[in-house]
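# Understanding the architecture of this molecule
Take a look at the letters that make up each chain.
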There are 2 protein chains.
Amino acid sequence: MSQTKTPRRTQAERTRASREKIIHSAMESFAQKGFRGAKMADIAQAAGLTGPGLLHHFPSKTHLLMEVLKERDRIHKEQTDETLQKNNNDILEVAAELVEQNQATPGIIQLFNLLVAESISPEHPAHGYFTKRYHNGREAWVQIIAQGQAQGDIRSDISADDLGVLLLAMMDGLQVQWLMEPEKIEMARIFRVFVNLLKNRR
Amino acid sequence: MSQTKTPRRTQAERTRASREKIIHSAMESFAQKGFRGAKMADIAQAAGLTGPGLLHHFPSKTHLLMEVLKERDRIHKEQTDETLQKNNNDILEVAAELVEQNQATPGIIQLFNLLVAESISPEHPAHGYFTKRYHNGREAWVQIIAQGQAQGDIRSDISADDLGVLLLAMMDGLQVQWLMEPEKIEMARIFRVFVNLLKNRR
DNA sequence: GTCTATACCCTGATAGAC
DNA sequence: GTCTATCAGGGTATAGAC
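Residues numbered from 1 in each chain as written. Chains lettered and ligands numbered in written order. Predicted model: local features only at pLDDT ≥ 70, side-chain atom pairs only at ≥ 80, totals over all residues. Heavy atoms only, no water.

### Examining the overall build of chain A
Short version of the rule: Here a strand is any run of E in DSSP of at least two residues, a helix any run of H or I of at least four, and the numbering for each starts at the N terminus. Pairs of residues are marked as contacts when any of their non-hydrogen atoms sit within 4.5 Å. The protein chains shown are the only cover counted for residues, whose accessible areas, like all others here, come from Shrake-Rupley with a 1.4 Å probe. When charges are tallied, Lys and Arg are placed among the positive residues and Asp and Glu among the negative ones, while His and the ends of the chain are skipped. Think of each charge as sitting on NZ of Lys, CZ of Arg, CG of Asp or CD of Glu.
Helix and strand counts for chain A come out as nine helices and zero strands. Reading chain A from its N end, one meets helices and strands in the order α-α-α-α-α-α-α-α-α. When the backbone C-alpha atoms are referred to their principal axes, chain A occupies close to 65 × 40 × 35 Å. Here the contacts in chain A between residues at least 6 apart in sequence split such that 64% fall between residues at least 24 apart. Summing over all exposed atoms, chain A offers an accessible surface of approximately 10400 Å²; the carbon and sulfur share of this is 51%. Of note, chain A has its 26 positive side-chain charges centred 6 Å away from the centre of its 25 negative side-chain charges.

### So, the pattern of salt bridges
Two side chains of opposite charge can pair, provided their charged atoms sit close to one another. Formally: A side-chain nitrogen of Lys or Arg and a carboxyl oxygen of Asp or Glu constitute a salt bridge if their distance falls within 4 Å. With a 1.4 Å probe rolled over the protein chains alone, any residue whose accessible area is under 20% of its type maximum counts as buried; one over 50% counts as exposed, and the rest are partly exposed.
The tally for this structure, following the rule as stated, stands at 32 salt bridges over all chains. Close ionic contact of A:Arg189 with B:Asp162 constitutes a salt bridge, the shortest N to O distance being 2.8 Å. Of this pair, A:Arg189 sits in helix 9 (residues 187-198) while B:Asp162 sits in helix 8 (residues 160-180), which puts the two residues in different chains. By relative accessible area, which is 36% here, A:Arg189 ends up partly exposed. When salt bridges with common partners are traced through the structure, they connect A:Arg19, A:Glu67 and A:Lys70 into a single cluster.

### Looking at helix 8 (residues 160-180) of chain A
Let me state the cut-off plainly: Given a helix with a known number of residues, its expected span is that number minus one, times 1.5 Å.
Counted at 1.5 Å a residue, the expected span for helix 8 of chain A with its 21 residues is 30 Å, and the 31 Å between its end C-alpha atoms agrees. A large share of helix 8 of chain A lies buried, amounting to 20 of its 21 residues.

### Here's the deal with the environment of B:Pro125
All names here are of chain B. Within the element layout of this structure, Pro125 appears in the loop between helix 6 (106-118) and helix 7 (127-151). Taking C-alpha positions, Pro125 is 6.6 Å from Thr62, a pair spaced 63 residues apart along the chain. Every residue in contact with Pro125, bar those within four places of it in the chain, is listed here: Phe35, Thr62, Leu65 and Met66.

### Here we look at the protein's contact with DNA strand C
Inclusion rule: If a single non-hydrogen atom of a residue is within 4 Å of a molecule or strand, that residue counts as near it. Polar contact is the term for a pair of N or O atoms within 3.5 Å; when the atoms are in protein, one must be able to donate a hydrogen and the other to accept it, and sequence-neighboring residues count only if both atoms are side-chain atoms. Under the scheme applied here, ten amino acids are nonpolar (Ala, Val, Leu, Ile, Met, Phe, Trp, Tyr, Cys and Pro), four are charged (Asp, Glu, Lys and Arg), and all others, including Gly, are polar.
Around DNA strand C, the surrounding shell holds 16 residues, and the nearest of these are A:Thr15, A:Thr50, A:His57, B:Lys39 and B:Met40. Counting only the atoms of DNA strand C within 4 Å of the protein, the fraction contributed by sugar and phosphate is 67%. Backbone polar atom of B:Met40 to a phosphate oxygen of DNA strand C: 2.9 Å apart, as the coordinates give it. At 2.9 Å, a backbone N or O of B:Lys61 approaches a phosphate oxygen of DNA strand C. Going through the elements one at a time, helix 1 (7-37) and helix 3 (51-57) of chain A together with helix 3 (51-57) of chain B are the ones with two or more residues in the surface near DNA strand C. With four residues, helix 3 of chain A is the single largest residue contributor to the surface near DNA strand C. Looking at side-chain class alone, the surface near DNA strand C contains six nonpolar, eight polar and two charged residues.

### A few points about the environment of B:Lys184
By the secondary structure assignment, B:Lys184 is in the loop between helix 8 and helix 9 (187-198). Sequence-distant contacts of B:Lys184, defined by excluding residues within four places in its chain, comprise A:His135 and A:Arg138.

### With respect to the protein's contact with DNA strand D
Contacts to DNA strand D come from 15 residues, most closely from A:Lys39, A:Lys61, B:Thr15, B:Thr50 and B:His57. Of all atoms in DNA strand D that approach within 4 Å of the protein, 68% are sugar or phosphate atoms. Within the contact set of DNA strand D, a phosphate oxygen lies 3.1 Å away from a side-chain nitrogen or oxygen of B:Ser18. In terms of residue count, the dominant contributor to the surface near DNA strand D is helix 3 of chain B (four residues).

### Topic: the interface of chain B and chain A
Put simply, the test is: Computed with a 1.4 Å rolling probe, the buried area is the accessible surface lost when two parts are put together, summed over both parts.
Between chain B and chain A, the contact holds 44 residues from the first and 44 residues from the second. Summed over both partners, the interface of chain B with chain A buries about 3900 Å², with 65% contributed by carbon and sulfur atoms. Joining chain B to chain A, the criterion identifies six salt bridges. Seen at the junction of chain B and chain A, the total is 16 residue pairs in polar contact (both at pLDDT 80 or more). Listing elements by their share of the side of chain B that touches chain A, those giving two or more residues are helix 1 (7-37), helix 6, helix 7, helix 8 and helix 9 of chain B. Among the elements that make up the side of chain B that touches chain A, the one with the highest residue count is helix 8 of chain B (13 residues). In terms of residue class, the side of chain B that touches chain A is made up of 23 nonpolar, 10 polar and 11 charged.

### A few points about the nonpolar core
To keep it simple, the criterion reads: Note on terminology: a nonpolar core comprises buried Ala, Val, Leu, Ile, Met, Phe, Trp, Tyr and Cys residues joined through side-chain atoms within 4.5 Å. Each domain span listed reflects an automatic or database assignment of domains.
Core analysis: the biggest nonpolar cluster contains 132 residues, and A:Phe191, A:Phe194, B:Phe191 and B:Phe194 have the highest contact counts within it. Counting only domains with at least three residues in this core, you end up with domain 1 (1-59) and domain 2 (70-198) of chain B. If sequence neighbours within four positions are ignored, B:Phe194 has contacts with A:Leu166, A:Met170, A:Phe194, B:Leu166, B:Leu167 and B:Met170.

### With respect to the relation of the copies chain B and chain A
Short version of the rule: The copies were overlaid by least squares, fitting only the C-alpha atoms of residues that reach a pLDDT of 70 or more in each copy.
Each copy superposes on the other: chain B lies on chain A with an RMSD of 0.1 Å after a rotation of 180 degrees and an axial shift of 0.0 Å. Between the two chains, the operation in question is that of a two-fold axis. Within chain B, B:Gly173 has its C-alpha nearest the rotation axis, a separation of 2.1 Å. With an isologous cut-off of 70% or more, the 100% of interface residues of chain B that recur at the interface of chain A puts this contact in the isologous class.

### Quick word on the side chain of B:Glu118
Residue position: B:Glu118 is located in helix 6. B:Arg36 provides the closest opposite charge to the buried, unpaired B:Glu118, separated from it by 4.5 Å. Of the polar contacts made by the side chain of B:Glu118, one reaches the side chain of B:His124; its length is 3.3 Å. Excluding residues within four positions of it along the chain, B:Glu118 makes contact with A:Leu114, B:Gly34, B:Phe35, B:Arg36 and B:His124.

See the structure below:
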């Protein structure tokens, strides 16, 4: 098992493993306490090292946050692309499945929910990140919604622009109630009820 | 103008004025930075006094937060009752008008948006407050929605329970996008688009 | 690459004068 | 009722050993 012949590579792998562990525990802490409330020492301890040990991998708390967001984006893009491909162009079904998937990872949802709220302040380190993310994200949805309207799958008495806003808003809004009472609010089911309102009645 | 004859009453009035000033600036700070990010000294300075001066009126930061929430509840209840009375039983119109009113007070909306996100953590001092608030609030909406369904104003192919969740979710979700791009997202107009989806088509 | 020790700042809260 | 001075605690980040 041990690779004594290639210590350099083993070292690099160990570094990578540490970074991943740190990012993972950072996600949990930021989700629970937000960027402002999370403590570096706690994140470090959960990753099996001390504060300074963590700071060897990420030069500051802000840097760590950015890496967390980047990592999450990578996963999210993968997930979305895959779901998009599976349900070719059926944007409403894609949205519904994304909400289903979200329901399996409350930690991540809480993370984004809290960071978005914090980052509305322009001084917040993730302010630019989230404004851009929302802007681009909405634009992407609107594009595909317009396609759905052209194909006759989605009702056309509401503009694609408005539908994009409504779709994102419902995703965000349901998350809040679901995070508060996960046992009571059936997020995915209720989201499908909403989605049905947007379908073109043939 | 000056009431030299009743120093006791003048004193009391001055105290009351101080408390109001403090609560007002606390609202702004909590809205901008959240409970965890807001600094007592800043709140005090914005209210025209020092940290200890503030703490004479509110024994701790948590106490101050609770008073802020109570104060907001008072105003909100007034507003809701008034709007309810004006549009007797037309719950959808009431909701739409509330969103319109919200659009005039971005500070308060940001305050609640951020505090709700923070308070999902069970250790947060406002956790109990917001879980209760959402629970009761939703229950109240559901009741009135059921009335609207019985009268034939609201579509009945979706349960009142689900409609209540959807209505609150859309309010919350639109707020996020609107807070990020106030100039671009026409919250009240788009909410009315949504509300129209819930009306019974006669 | 990770540790111990620590510097240094920030923040909520207290003590006591006025 | 508000101030100045100050404390105690907790936070990020650095220095330097191993």
